[in-house]
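So the chains spell out like this:
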Amino acid sequence: MRSPSTVSFLPESHRRSMSSLSFDGDIFPKPRRRFVFTACISLAAVSLFSLLASTFWTLRPQSYPLIEEHGQKDLSVQVPMSPINPLDPQNYLRGPPTDRFRDNLRHDTKYIASWISAGWTNDVMTYINLIYLGVLTNRVPIVAMFTPSHIGGTVPPVDFGEVFDMPRLREGLQKPVLEWHQVKNRNSTSVDELGCWNIWEAVQDREVYPRRSSVPELLKLDISYTKAPSFVNIIPNYEHDQHSSFTSLATLAFPELRAEYAVDPRESPLQHLKLPPDEQLLCYDYLYYVCSHQPFEFDFDYSPAWLHVGQYMRWTPRLEGLAIEYVRRAVGVEEHQETPQWIAIHVRHGDFANWCGDVPIEDCFAPMSVIAQRVEEVKQELLARKGLVVEYVIMTSDERSASWWEAVTAQGWFGVDHSKTSELYGHWYPVLIDAAIQSSGVGFVGTDRSTMSVLARRRVQSWRDGAVRTVKWGTQGADDH
């Protein structure tokens with residue numbers, strides 16, 4: 001029987017009913033009840049331990065090294081695995097570069113390419129447009145090299161990836177981007193035939209051929225071009241603009257519209273083949289003049305190509321390091337001192353003199369006082385908006401006049417010494433280092449209508465949250481405000 005102390009806590013009715021029961025014949029007498037209770041607890045504990053052990057074994061780390069004992073490998077433990085990068089170029093090619101590009105393309109992947117045909121900064125914009133069009137069409141862009149149109153044809157091309165940080169670009173885009181030398185052996189002598197779209201003839205009437213470029217020849221490509229439909233032109237029948245729209249070009253990537261607007265292709269120059277636009281490697285002759293809303297869209301902060309692609313094209317760490325090194329040398333920073341913040345200026349004269357017409361050069365280009373006023377505006381904005389006092393100003397320019405550079409020094413500004421740059425790093429590097437310096441300051445003052453200034457302005461705004469201004473020119477007082 002239960003002890004009186006236990007029963008006393010029960011209601012009276014329950015106590016009465018319990019008192020009428022006899023436990024003398026209980027099938028679970030006290031010793032056996034204790035045994036069964038203990039056995040149940042033990043069984044539960046064993047089950048719980050087995051479950052935990054199984055879970056631990058299933059979830060144990062798989063990154064231990066192989067253990068060898070008496071010549072036997074412990075196959076229950078696996079070799080450490082490097083993290084898989086889904087954006088690695090190897091995931092979008094069949095293997096190392098091949099002599100023929102098509103042998104290296106995956107059958108389950110579609111690609112997009114185009115060629116450059118202008119000065120270096122315009123070519124950068126062209127590749128931005130190419131990559132953005134790849135985003136729109138869900139294709140993997142293959143970018144080629146930069147050709148030395150602005151520094152002399154005897155200078156070798158430079159790889160896109162020597163200028164821009166490719167892993168960082170892919171990470172920013174969250175999409176793959178390839179370079180041609182990863183696809184096709186750069187020393188290959190094999191000629192590949194390819195069908196591409198001819199955009200150039202569809203947007204202008206002065207030249208009755210596709211846009212010319214040295215890149216297909218460098219890549220050993222024999223291209224048969226198909227003229228694009230006239231609807232790609234964003235301002236139809238307007239002879240002063242050659243822009244097409246991203247969306248109209250994107251439609252040519254898909255089979256229904258491509259079939260509807262197919263015309264007789266032009267023969268390829270080498271093998272005289274007539275090929276329709278390729279379905280696996282979509283290609284266009286020239287993508288500099290492309291926009292979403294209005295021509296020369298990089299001028300505007302809403303530019304989709306800049307927002308979705310351009311801002312992720314950062315300089316390689318090596319180029320960034322060189323820019324810092326040249327800045328420190330220019331302003332005379334001691335080795336133990338930190339690199340100061342600076343405002344960069346880009347003044348383009350050179351070939352812009354051809355646009356002055358009858359206006360004298362001294363009236364056409366903005367005087368130093370106007371540039372200084374814009375620099376002061378940048379300083380005041382940085383102080384008001386960010387609490388920064390910036391003392392150092394660095395001038396980059398193609399101006400050759402010694403007296404003009406004396407005026408720069410008189411302002412207390414600094415120039416960049418490129419007297420040994422080509423010898424040390426190659427002929428590409430004066431312009432590359434200047435571009436990196438322009439974009440790495442907290443402020444920037446550029447030249448109106450210069451694409452180099454346009455991209456420097458975009459970079460300073462996107463990368464540094466900096467203050468920027470643009471100096472107008474062309475007539476006396478053009479920048480009055």
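Small disclaimer: the values here were computed from a predicted structure and weren't measured.

1. Considerations on the overall build of the chain
And step 1. Across its full length, the chain carries 19 helices and 15 strands.
And step 2. A total of 481 residues make up the chain; the buried ones form 44% of that total.
And step 3. Within the chain, contacts between residues at least 6 apart in sequence are counted, and of these 72% link residues at least 24 apart.

2. Overview of the pairing of strand S6 (residues 192-198)
And step 1. Counting buried residues along S6, 6 of its 7 residues qualify, which places the element largely inside the surrounding structure.
And step 2. Examined bridge by bridge, S6 and strand S7 (residues 221-227) share 7 bridges and lie parallel to one another. When the sheet's bridge partners are listed, Leu194 is paired in S7 with Ile223.

3. What to know about the confidence of the model for the chain
And step 1. Confidence in the prediction for the chain averages 87 pLDDT; 83% of positions are at 70 or higher.
And step 2. Taken as a whole, residues 1-37 scores under 50 in pLDDT and shows 12 contacts with residues more than four places along the chain or in a different chain.
And step 3. Low pLDDT (under 50) marks residues 48-76, which in the prediction has 20 contacts with non-local residues, meaning those over four places away or in another chain.

4. Details of helix H13 (residues 317-331)
And step 1. For H13, spanning 15 residues, the distance from its first C-alpha to its last is 21 Å, which sits close to the expected 21 Å at 1.5 Å a residue.
And step 2. Contacts made by the buried residues of H13 are with helix H5 (160-163), strand S11 (342-347), strand S12 (392-397), strand S13 (414-415), helix H17 (421-425) and helix H18 (429-440).
And step 3. Looking at the residues trailing H13, positive phi occurs at Gly332, about 75°.

5. Observations concerning the nonpolar core
And step 1. Core analysis: the largest hydrophobic core is formed by 98 residues, its most contacted members being Trp115, Trp120, Phe146, Phe160, Trp180 and Tyr284.
And step 2. What Trp180 contacts, discounting residues up to four positions off in sequence, is Phe101, Ala113, Trp115, Ile142, Val143, Ala144, Leu219, Leu221 and Leu281.
And step 3. With 21 residues, the next largest nonpolar core counts Val347, Val442, Val445 and Ala467 among its residues.

6. Brief notes about the state of the cysteines
And step 1. This structure, assessed with the given rule, holds 2 disulfides.
And step 2. Each sulfur in the disulfide pair Cys196 and Cys283 lies 1.9 Å from the other. Here the S-S torsion is close to -95°, and the disulfide linking Cys196 with Cys283 is therefore left-handed. Remark: Cys283 occurs in strand S9 (residues 281-284) and Cys196 occurs in strand S6; sequence separation between them is 87 residues.

7. Quick word on helix H19 (residues 451-464)
And step 1. The terminal C-alpha atoms of H19 lie 19 Å apart, and with 14 residues this matches the ideal 20 Å at 1.5 Å per residue to within 8%.
And step 2. Looking at the buried side of H19, the elements it contacts are helix H4 (120-137), helix H12 (304-308), S11, H18, strand S14 (443-447) and strand S15 (467-471).
And step 3. One or two residues past the end of H19 sits Asp465, with phi positive at roughly 50°.

8. What about the pattern of salt bridges?
And step 1. According to the stated counting rule, one finds 18 salt bridges in the structure shown.
And step 2. Taking the shortest distance from any N to any O, the salt bridge between Arg106 and Asp108 comes out at 2.8 Å.
And step 3. By relative accessible area, Arg106 is classed as partly exposed at 28%.
And step 4. Judged by its relative accessible area of 58%, Asp108 is exposed.

9. A closer look at the sheet that holds S14
Sheets are built from strands paired through backbone hydrogen bonds, the pairs being either parallel or antiparallel.
And step 1. Here 5 strands make up an open sheet; going across it, the order is S13-S12-S11-S14-S15 and the pairing parallel. Each edge of the open sheet is held by one strand with a lone partner, namely S13 and S15.
And step 2. When S11 meets S14, the two strands line up parallel, connected through 3 bridges. Within S14, the position partnered with Ile343 by the bridge is Gly443.
And step 3. In the packing of helix H16 (residues 402-410) onto the sheet, contacts are made with S11, S12 and S13, and the angle to S12 comes to roughly 165°.

10. Observations concerning the packing of aromatic side chains
What characterises a pair of aromatic rings is the spacing of the ring centres plus the angle enclosed by the ring planes.
And step 1. Under the counting rule described, the total for this entry stands at 27 aromatic pairs.
And step 2. Consider the rings of Phe146 and Phe160, whose centres lie 5.7 Å apart with planes at 25°: the pair is stacked. Of this pair, Phe146 sits in the loop between strand S4 (140-143) and H5 while Phe160 is found in helix H5, placing the two residues 14 residues apart along the sequence.
And step 3. For Phe146, a relative accessible area of 0% puts it in the buried group.
And step 4. Note on Trp404 and Trp405: the rings are 5.2 Å apart at their centroids and 85° apart in plane angle, and the pair reads as edge-to-face.
And step 5. Overall, Trp405 belongs to the partly exposed group, its relative accessible area being 23%.
And step 6. By the ring-pair criterion, three or more aromatic residues cluster together here, those being Trp120, Tyr127, Phe146, Phe160, Phe164, Trp315 and Trp463.
And step 7. Over the aromatic face of Tyr326 sits the side chain of Arg329, whose NZ or CZ is 4.8 Å from the ring centroid.
And step 8. Over the ring of Trp473 we find Arg449, and its NZ or CZ is 4.1 Å from the ring centre.

11. A word on the packing of H4 against H19
And step 1. Two numbers describe how H4 lies on H19: the axes approach to 8 Å, and their chain directions differ by 55°. It follows that H4 is oblique to H19 by the angle criterion. Regarding H4 and H19, the two cross each other, and that crossing is left-handed. Seen from H4, the contacting residues are Thr121, Asn122, Val124 and Met125; seen from H19, they are Thr451, Met452, Val454, Leu455 and Arg459.

12. Notes on the side chain of Arg457
And step 1. Structurally, Arg457 is set in helix H19.
And step 2. Side-chain polar atoms of Arg457 contact the backbone oxygen of Asp299, separated by 3.3 Å.
And step 3. Once you skip the residues sitting within four places of it in the chain, Arg457 turns out to touch Asp299, Phe444, Val468 and Thr470.

13. Looking at the side chain of Ser245
And step 1. On the secondary structure map, Ser245 appears in strand S8 (residues 244-245).
And step 2. If we ignore the near neighbours within four places in the chain, the residues touching Ser245 are Val232, Ile234, Val290 and Cys291.

14. Some points on the packing of H18 against H19
And step 1. The geometry of H18 relative to H19 is characterised by a closest axis approach of 7 Å and an angle of 45° between their N-to-C directions. Overall, the two elements H18 and H19 adopt an arrangement that is oblique. Where H18 crosses over H19, the handedness of that crossing is right-handed. From H18, Val431, Asp434, Ala435, Gln438, Ser439 and Ser440 reach across to H19, where they touch Met452, Ala456, Arg459, Val460, Trp463 and Arg464.
And step 2. Looking at the contact of H18 with H19 residue by residue, the class counts come to 6 nonpolar, 3 polar and 3 charged.

So, how was this worked out
- Residues numbered from 1 in each chain as written.
- Predicted model: local features only at pLDDT ≥ 70, side-chain atom pairs only at ≥ 80, totals over all residues.
- Heavy atoms only, no water.
- Helix = DSSP H or I, 4+ residues; strand = E, 2+ residues; numbered from the N terminus.
- Buried < 20%, exposed > 50% of the residue type's maximum accessible area, 1.4 Å probe, protein only.
- Contact = heavy atoms within 4.5 Å.
- Pairing = 2+ DSSP bridges.
- pLDDT = per-residue confidence, 0-100.
- Expected span 1.5 Å × (residues − 1).
- Core = buried A, V, L, I, M, F, W, Y, C linked by side-chain atoms within 4.5 Å.
- Disulfide = S-S within 2.5 Å.
- Salt bridge = Lys/Arg side-chain N within 4 Å of Asp/Glu carboxyl O.
- Axes fitted to C-alpha atoms, helices over the stretch in contact; angles between N-to-C directions.
- Phe/Tyr/Trp six-rings, centres within 6.5 Å; stacked < 30°, edge-to-face > 60°.
- Lys NZ or Arg CZ within 6 Å of the ring centre and 35° of its normal.
- Parallel < 35°, antiparallel > 145°, perpendicular 65-115°, else oblique.
- Left-handed = near helix turned anticlockwise from the far one by under 90°.
- Polar contact = N/O pair within 3.5 Å; in protein donor to acceptor, adjacent residues only side chain to side chain.
- Nonpolar A, V, L, I, M, F, W, Y, C, P; charged D, E, K, R; others polar.

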